Amino acid sequence: MEFNKALTRRHSIRSYSDKPISIDDLKDIVTKAQKSPSWVDSQPWKIYIATGEIVKKLAQQQADLEDKGTASHPEIPVRHRDDWAKMPRANMAENSVRKADWATEHNDDYDRYQKYLYNAPAVAYLTIAKDSTDWSKFDLGMFASTLMLAASDKGIDSIPSYSLVKYPELSRVALDIPTDETIFIGIALGYQSDSILNQYRSNRSDLSSILTIKD
Ligand SMILES: Cc1cc2nc3c(=O)[nH]c(=O)nc-3n(C[C@H](O)[C@H](O)[C@H](O)COP(=O)(O)O)c2cc1C
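Residues numbered from 1 in each chain as written. Predicted model: local features only at pLDDT ≥ 70, side-chain atom pairs only at ≥ 80, totals over all residues. Heavy atoms only, no water.

### Brief notes about the environment of Arg81
Where we set the bar: Runs of H or I in DSSP of at least four residues are treated as helices and runs of E of at least two as strands, each being numbered from the N terminus. Contacts between residues were defined by any pair of non-hydrogen atoms, one from each residue, lying within 4.5 Å.
Examined against the element boundaries, Arg81 turns out to sit in the loop between helix H3 (52-67) and helix H4 (86-106). Taking the C-alpha atoms as reference points, Arg81 and Met148, 67 residues apart in sequence, are found 26 Å from one another. When neighbours within four sequence positions are excluded, Arg81 is seen to be in contact with Arg89, Met92 and Ser96.

### A short note on the site of the ligand
Going by this rule: Note on terminology: near, applied to a residue and a molecule or strand, indicates that one of the residue's heavy atoms is within 4 Å of it. The definition of a polar contact used here is a pair of N or O atoms within 3.5 Å, where within protein one atom must be able to donate a hydrogen and the other to accept one, and adjacent residues in sequence count solely through side-chain atom pairs. The method behind every accessible area is Shrake-Rupley, applied with a 1.4 Å probe, and residues are considered shielded solely by the protein chains displayed. Computed over the protein atoms alone on a 1 Å grid, cavities are sets of points where a 1.4 Å probe fits but cannot get out and pockets are open sets with protein on both sides within 12 Å along at least five of seven lines; a residue lines them when it has an atom within 4 Å of a point. Think of it this way: if more than half of a molecule's atoms are within 2 Å of a pocket's grid points, that molecule is in the pocket or cavity.
With respect to spatial proximity, 14 residues lie near the ligand, and among them Ser12, Arg14, Tyr110, Ser202 and Arg204 are the closest. Pro160 is positioned with one of its backbone polar atoms (N or O) 3.1 Å from a nitrogen atom of the ligand. The backbone of Ser163 places a nitrogen or oxygen atom 3.3 Å from an oxygen atom of the ligand. When isolated, the ligand has an accessible area of 620 Å², and the protein chains bury 65% of it. Placement of the ligand is best described as lying within the largest pocket. With three residues, strand E3 (residues 157-161) is the single largest residue contributor to the shell around the ligand.

### Looking at the layout of surface pockets
To be explicit about the condition: Grid points are joined across faces, edges and corners, and a volume is the space filled by probe spheres set on the points. Residues are grouped as follows: Ala, Val, Leu, Ile, Met, Phe, Trp, Tyr, Cys and Pro are nonpolar; Asp, Glu, Lys and Arg are charged; every other residue, Gly included, is polar.
Computed from the structure, the largest pocket encloses a volume of approximately 1,800 Å³. For the largest pocket, the lining is made up of 39 residues, of which Arg14, Arg81, Met92, Asn95 and Pro160 are closest to its centre. Of all the secondary-structure elements, those providing two or more residues to the lining of the largest pocket are H4, helix H5 (110-114), E3 and strand E4 (181-190). In this model, the second largest pocket occupies a volume close to 330 Å³. Contributing to the lining of the second largest pocket are 16 residues, with Asp18, Val55, Lys56, Asn119 and Ala120 lying nearest its centre. Mapped onto the lining of the second largest pocket, the elements with two or more residues apiece are H3 and H5. The element best represented in the lining of the second largest pocket is H3, accounting for five residues. Across the lining of the second largest pocket, the residue classes tally to eight nonpolar, five polar and three charged.

As structure tokens, then:
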């Protein structure tokens, strides 16, 4: 089965080469993401993709805001880590320590890439209607995951990232995103650069800590 290859090669890529993604490839991965299941086939998702000169302009605008120290204001509120539930809080703490140690050891330069939208040649913005139910949020997550696996299957790298939607007014204006839609998450798409940043690997919990099977 080819699926395992697409699944295992996907990991978050935080620095991209200048190689563009063709419009046909973008349409293909979105068509595949549309295969995701949704509540009563409600298909609540919409997707807006910035590429070419538009994404370059967005990257510069984001960097300008970051340089000015503008506070982020995503449309989905970000809770302080101390207010997350116990298990994800512990996992975040573990990842943060590992990532910080790794960054020190490898001189990683995360902020420089992040503020320019990771230099990605395409950024997809996923939205749902502002009056969506929680089930539509669940459906949007599945759409996002299928999108990234479909991309991986074509050798296209990705990262879902809050930092892409820190200043949602930028993409809303650039892509004419209607005001009755919430800009939920951004997904950078492209081909990884040879930056050391891309060599970091996240961890996963022991299966026994998340799985219960009773036979
Ligand atoms: C909703 C969401 C928001 C994220 N935001 C960021 C972010 O702002 N910066 C970042 O470096 N990674 C971000 N990530 C990527 C996660 O850190 C990454 O998926 C996780 O550490 C697991 O690593 P992997 O994707 O390489 O398997 C985000 C992921 C998700 C699902």
